[in-house]
Each structure stands twice: as structure tokens, then as C-alpha cells.
Amino acid sequence: MKKNDKNKLVETLRIKREIIFTFIGIFLIIVSTFIETRMLSFSGVSVTSKIIVYAYINITIILFLLMLFLIIRNIIKLFLDKRRNIPGSKLRSKLVALFVLVSLIPSFFMFAVIIAAGFFANGINKWYVPSIEKIIGYSLRIANYVNNRKNIKNTAKHNTHESLYKINKMAEYIRHFYVKYWQVGFLKNPIETTYFILFSTFTLLILFISIWVGFYLSKKITEPVIDLVKGTEKIASGELDININSESNDEIGMLISSFNNMAKDLKKNKEIIEDANLNLNNINIEIERRRKYMEIILKNIGTGVITIDYSGKIKTINNAAEYMFQVNFKEAVNKNYKDVFSKITFSEIREIIKNLAKNNKEESITKEIKLNINDKLHVYIINVTIMKDEKDDYIGFIIVINDTTDMMKAQRIAAWEEVAKRMAHEIKNPLTPIKLSAQRLKRKFGDKLEQGNKIFNDSIDIIIKEVDDLKGLVDEFSLYARLPKANFNYTDINLLIEESFSFYRNAHKNIKFIENFSKDMPPIYIDKLQIKRAIVNILDNAVYSINMNSKDGKKNYNNFIKAETLFEQMGQIVLIKISDTGSGIEEENITNIFEPYFSTKRGGTGLGLAITKNIITENNGTIYAENIQDGGAEFIIELKLINDKNI
Ligand SMILES: Nc1ncnc2c1ncn2[C@@H]1O[C@H](COP(=O)(O)OP(=O)(O)O)[C@@H](O)[C@H]1O
Ligand SMILES: [Mg+2]
């Protein structure tokens, strides 16, 4: 499409140029004819001769100008091409210059010789006096005849008649040539000029031919060379689909055919390379995909994985391992494991790796270690294995860490549940008869003993009280072991807390019970009795903590226990916050207080909060504890308003 447009444009330009040249030609003819009529004013010459002469002169002039134009044009073209650095222009101009030189020297010589020898004069003479001998001979004979007529009068009459006829013929001939001579004489000058122009034109013709031959030859030579140059440029720019046409079977032809072969080979090789590249790319993509997949797996599993290369440098460390060991990926990778695990905490890990590296027999070591990370004791099962490649060469270690803290906790809880069940069964049963027996003894002998009446009564009271305490303990154990089946109902949580508070308010006059309830609290779907039990457990601890704190001497009558309820519209969550002004929880215990049998109290069961947590979990909520800045602890319970699990 584009090429066609370009070709059309070139065509129209050419036509325009030809029209202009034609006009210039016509104009030149008119001008030269006009000049000639002015310069050569001759009369007595026939019109046809004049036209022939003008035509002849004009043609020679036009020929001359044409030659001159062609030469100048070619020279300008050559010059411009050279300036524009068009491929092949240098060689062309050299060849043309050479040809012009070679052809010009002899033509100029010839030109010089022609001028020196007065060629024109002779030529003209020869041209218009072809039978000068004849004319002189005839003149001589006419003169002789006139002479003889004076000397011999009337000698032979018949002879005289014949001679007169001849003389007339001869005179006619001479007259005819005289006229011709007269005519030609006039034409002599313009013809000489024309000859000069003709010669110049011939010289220019030779010049033009030599230039043209130069062009032609250089074109013949440079065209394939230019094609080759263009071809190499194309190859350099990456285009290999080229085939240079060449008909000749000379060296240049051979060069072109080997160039074509080279391009073909290059193309084939490029295709092979591209194919291989594509293959490689696909393989790379696949490898990358697998690597990413592995990475994602490693990132998401809860097991910590660390790899160490043969020189002891950490190569990978996944999220779980980062979290477990509280190290940063960027700080750990490409560093020696000894530097990364330099803390005393990690000495056991260092030992395991060191032992494995030294020991040739073992391939893998598994060990349970306890690490204190972020003030929390963690139980880790660590497995260190020697990594080997497919040739069975040692390439490093792989460390797999499992956090069994929660598992251990769960196991412990299960064990405690079992103990609680047995306790409830084995201990609770004899307690009632013991209590009843003691009461009977008191009734029967309480006031009948002469001596030791007080001691008896006191001892019986202690037995009864201790049995009651034991019963309470066993009750708590059994409650922890077997929570009664939950019974869910829509409940007003504010009212529930209010009920518990009023009970405690009466019992503990030294403590203020503050209620800060949300007014638009929707009813929540919970087991009312269970939740009440959980709140009571929390209140029990709070009261204990406040009273213990007061006993320490820091008596404070501004103690309070505050309950707050909140409804989070966005998350459809109900928040219950119960805070006290007691001693607060020691930071290191804050995650342990919900574990069964964890207690800081003398005689405490450590089951209160464990039961509370079980209840909250059963009701699909969460519970956690925080310390308040001004002193005291706060327990936060989150319950979902829409409890799909329970509905
Ligand atoms: N409000 C509180 N203030 C301070 N410490 C508390 C509070 N509530 C619970 N604790 C701590 O949590 C421990 C566990 O409580 P709990 O499970 O109820 O068992 P117990 O009351 O038998 O000790 C308590 O021993 C105490 O150290
Ligand atoms: Mg308690």
C-alpha cells in the first residue's frame, strides 16, 4: 500500500519533469531560431535551403545542449550522492572519473588536431567545389575558342556549329556552379559554426558515453555490493529473511550466493535457538511455578523449616520458623547458623547441629527442647537431618521444628479431666457419711462431756468445715470434668450480670460494684446458667485479689469491681469487660491463668478460670485477661450475637 503510493509519487514527478524539459526544448528552439535569423541574414537563397540550414543548426544546438544537460545532471547527481553518503556513490564517482579521463584525453587531442589542421576550411571547400578542375578546363577551352575565332575566320563551317553548341553547354555549367558557389559562400560561416558545435557535441557525446559507461559499470559492480551492504545491515538489525537476487556467476555472484546461504543458516540457527529458548523459558516457568508452590507450602505450614548449606549458612527459613525462633528472615538468610542462633536460648540447637556434623553414623537427630520465647515457655520437637543430593553428597542440614506447647497443654488438660473425674467419684462419696457422723457425735455428746467439752466441739466443727471445703473442691472438680449439657436461650446479658452483682454487693460491703451497661444491648443466644457461673468465677477471683491487696496494709476503701457491656454493630459482637482494683496478674502468668490447676493461691484449685474458659468456648466466644495500668486486672469476654454453631 505504502510502496504503491511512493511509486505513484515518483511517476508523477517524472512526468512533470519531462513536461518541463519539453517546454525548455521548445523554448530553446524558438530562441535559437530567432538569434540565427538575426545573425545570418542572407538573401537569394531558396526557402527550402534556409529551412534545412535552420533545422540542421537547431538540431546540433539541441543535441549539444542535451549532451551538456545530461553530463551536468549526472555529475550533480554523482556529487549529491557522494555528499549524502549513498552506498556505492564513492566507487561510482571514482569509476566515472576514470572513464571520463580515459575518454577525454584522446577526444581533446583529436579536437586540437582538427582545429590546428584547419579542417573546417578544407572541409567546406571540398563540400561546395567538387568539380573545380572541370570548371577550369571548361573556362580554358572557352578562352581558346574565342582566341581561335579571331585567327581563323570561316575555315570550317560545320565545325563551328558543333563548337558553339559545346561552348554554350560549358558556359551553362560554369554559370550553374557560380550560382551554387555564391549560395554556399553565404552559408560558409554558419556551417563552420555548426561544424564546431557538431564536433563539440561529438566530444560531449563521447564524454557522455564514457560517463554513462562509468555509471553502468559501477552500477553493475556496486549494485550487488549495495545489496550485500543492505543485506548485512538487515542481518545486523535482526532480520534474517533475506535472499539477494543475482544472475551473474562471477566472484560477486559467488559472494552473493554464499551470503544468501549464510543468511539461511543464520535463520535456521536462530530458529533453533529461539525454539530452545522457548523450551528453556517454559521449563523455567515450570520450575518457578514449582518453586513458588513449595514456597507457599513452606510459608503456610505451621511447622518451622530451616535449611542450612554445607558451609553452615542459613539458606531458607519459613514463616513458622521465623515466629518460633523470633528471628527475621532478612537478618538470618546467608548468615552462619552459629551467628543467628548465638543466644544462650539456642545453645541446644547449636549442639544438635554440631553433633550431627561431627557424627558420621547418624543421619538425623530428634529432640524435645524447651525455649523461653517472648516470656513464654514453648515446647519444641526439633528434628535435624543431613541433606544429601542425588549423588549422596552432603549439601547441608534441614531443621524441622514442631511447636508442641499447645499439644502438651491439651494432653495435660485431658489428664486433669481424668483426675477430676476420679476425684469426684472416689472422694465425694465418703464425704457425706463423714459429715453426718460428725454432726451426730456433736448432737449426742456435745454438751454431755464433763471435761474437754470445748476441745471436742471445736474438733467436730473443724471436721465438718473441712469436709464442706473438701466437698466444694470435689464439686468444682466434677464440674470441670463434666460440664452439664448446654441449654441455649436468648438472654439479656445486662440482667444476668446485674443478678450476680447484687449477690456480691450484699456479701462485700467494702467493695463498690459499678455497672456500665450498653443501653441497646440485643438479647444473645447463650446458656444462661453457664455464663452466670463463668462471671461468678471471675468475680470470685476479683474479690479475692482486692481483699488480698487490702490485707497487705495498703488499705483502700475506693476499691471497686466494674462490669461493662458493649455491642459492636459492625462485627455483631457483644463485649463483656470485668475489671477490678486488685493486685493484677503477674505478666509471666497471664497466659497460664486459664490452665487447669494453675493457681497462685494457697489451697486454690486453679480450676475457676479453666472452667470459665471452657464455658466461654462452649458458647462460641473467647476470653482473655489484661492488666490495667492503674493496677488491677481486666477480663474481656467476646460473644457472637449470631451464634450459628448453637442455633
Ligand atoms: N482478678 C484477678 N486478679 C489477680 N489475679 C487473678 C485474678 N483472677 C485470677 N487471677 C490469677 O489466676 C489464678 C487462677 O485463677 P483460678 O483459675 O480462678 O484459680 P484459683 O482461684 O483457684 O487460684 C489465680 O490463682 C490468680 O493468680
Ligand atoms: Mg478462682
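Residues numbered from 1 in each chain as written. Chains lettered and ligands numbered in written order. Predicted model: local features only at pLDDT ≥ 70, side-chain atom pairs only at ≥ 80, totals over all residues. Heavy atoms only, no water.

Looking up the protein chain in an unreviewed UniProt entry gives the name histidine kinase, with the organism given as Candidatus Acididesulfobacter diazotrophicus. The Catalytic activity (unreviewed entry) field of the UniProt record for the protein chain holds the comment "ATP + protein L-histidine = ADP + protein N-phospho-L-histidine." On record in UniProt, under Subcellular location (unreviewed entry), the comment for the protein chain is "Membrane". (UniProt positions renumbered as here; feature names shortened; annotations may be inferred.)

Here the focus is the sheet that holds strand E12 (residues 633-640). The five strands lie next to each other as E7-E9-E10-E12-E11, forming an open sheet whose pairing is mixed. What marks the edges here is a single partner per strand, and that holds for strand E7 (512-516) and strand E11 (621-627). For this sheet, the mean inter-axis angle between neighbouring strands, taken without regard to orientation, is 15°. Where E7 lies against strand E9 (residues 560-568), five bridges are found, and the strand directions are parallel. Across the sheet, residue lysine 512 finds its bridge partner in E9, namely phenylalanine 560. Together, E11 and E12 form the strand contacts of helix H16 (residues 608-618), whose direction differs from that of E11 by roughly 140°. (Pairing = 2+ DSSP bridges. Helix = DSSP H or I, 4+ residues; strand = E, 2+ residues; numbered from the N terminus. Axes fitted to C-alpha atoms, helices over the stretch in contact; angles between N-to-C directions. Contact = heavy atoms within 4.5 Å.)

Let us now look at a positive patch on the surface. Residues Arg17, Arg73, Lys77 and Lys219 make up a contiguous surface patch of positive charge. Secondary-structure assignment places lysine 219 in helix H6 (residues 157-236). (Patch = residues over 30% accessible without salt bridge, like charges linked within 9 Å, V, L, I, M, F, W, Y side chains within 5 Å. Areas by Shrake-Rupley, 256 points an atom, 1.4 Å probe, with all protein chains shown as cover. Salt bridge = Lys/Arg side-chain N within 4 Å of Asp/Glu carboxyl O. Lys, Arg positive; Asp, Glu negative; His and termini not counted. Charge placed at Lys NZ, Arg CZ, Asp CG, Glu CD.)

Here the focus is the side chain of threonine 405. Checked against the element boundaries, threonine 405 lands in helix H12 (residues 405-445). By relative accessible area, threonine 405 is classed as buried at 9%. A polar atom in the side chain of threonine 405 sits 2.4 Å from the side chain of aspartate 403. Residues contacting threonine 405, with those up to four places away along its chain left out, are Leu377, His378 and Val379. (Buried < 20%, exposed > 50% of the residue type's maximum accessible area, 1.4 Å probe, protein only. Polar contact = N/O pair within 3.5 Å; in protein donor to acceptor, adjacent residues only side chain to side chain.)

Taken together, 20 residues form the shell around ligand 1, and within it Asn541, Asp580, Ser599, Thr600 and Lys601 come nearest. Here lysine 601 contributes a side-chain N or O atom positioned 2.5 Å from an oxygen atom of ligand 1. Separating an oxygen atom of ligand 1 from a backbone N or O atom of leucine 609 is a distance of 2.9 Å. If ligand 1 stood free it would expose 530 Å²; the protein chains cover 92% of that surface. For the shell around ligand 1, a count of residues per class yields eight nonpolar, ten polar and two charged. (Near = heavy atom within 4 Å. Nonpolar A, V, L, I, M, F, W, Y, C, P; charged D, E, K, R; others polar.)

Per the counting criterion, the structure on display carries 15 salt bridges. Of the charged contacts, one joins aspartate 461 and lysine 442 as a salt bridge, the two residues approaching to 2.9 Å between their closest N and O atoms. Note that aspartate 461 is positioned in helix H13 (residues 453-481) and lysine 442 in helix H12, a separation of 19 residues in sequence. Look at aspartate 461 and you get partly exposed, because its relative accessible area is 35%. For glutamate 515, the salt bridge identified is with arginine 505, shortest N-O distance 3.3 Å. A residue pair is termed long-range when its members are at least 10 positions apart, and glutamate 515 in strand E7 and arginine 505 in helix H14 (residues 493-507) qualify at ten residues. Among the residues examined, glutamate 515 registers a relative accessible area of 29% and is labelled partly exposed.

Time to look at a negative patch on the surface. On the surface, a cluster of negative charge is contributed by Asp375, Glu586, Glu587 and Glu588. Note on placement: glutamate 587 falls in the loop between strand E10 (573-580) and H16.

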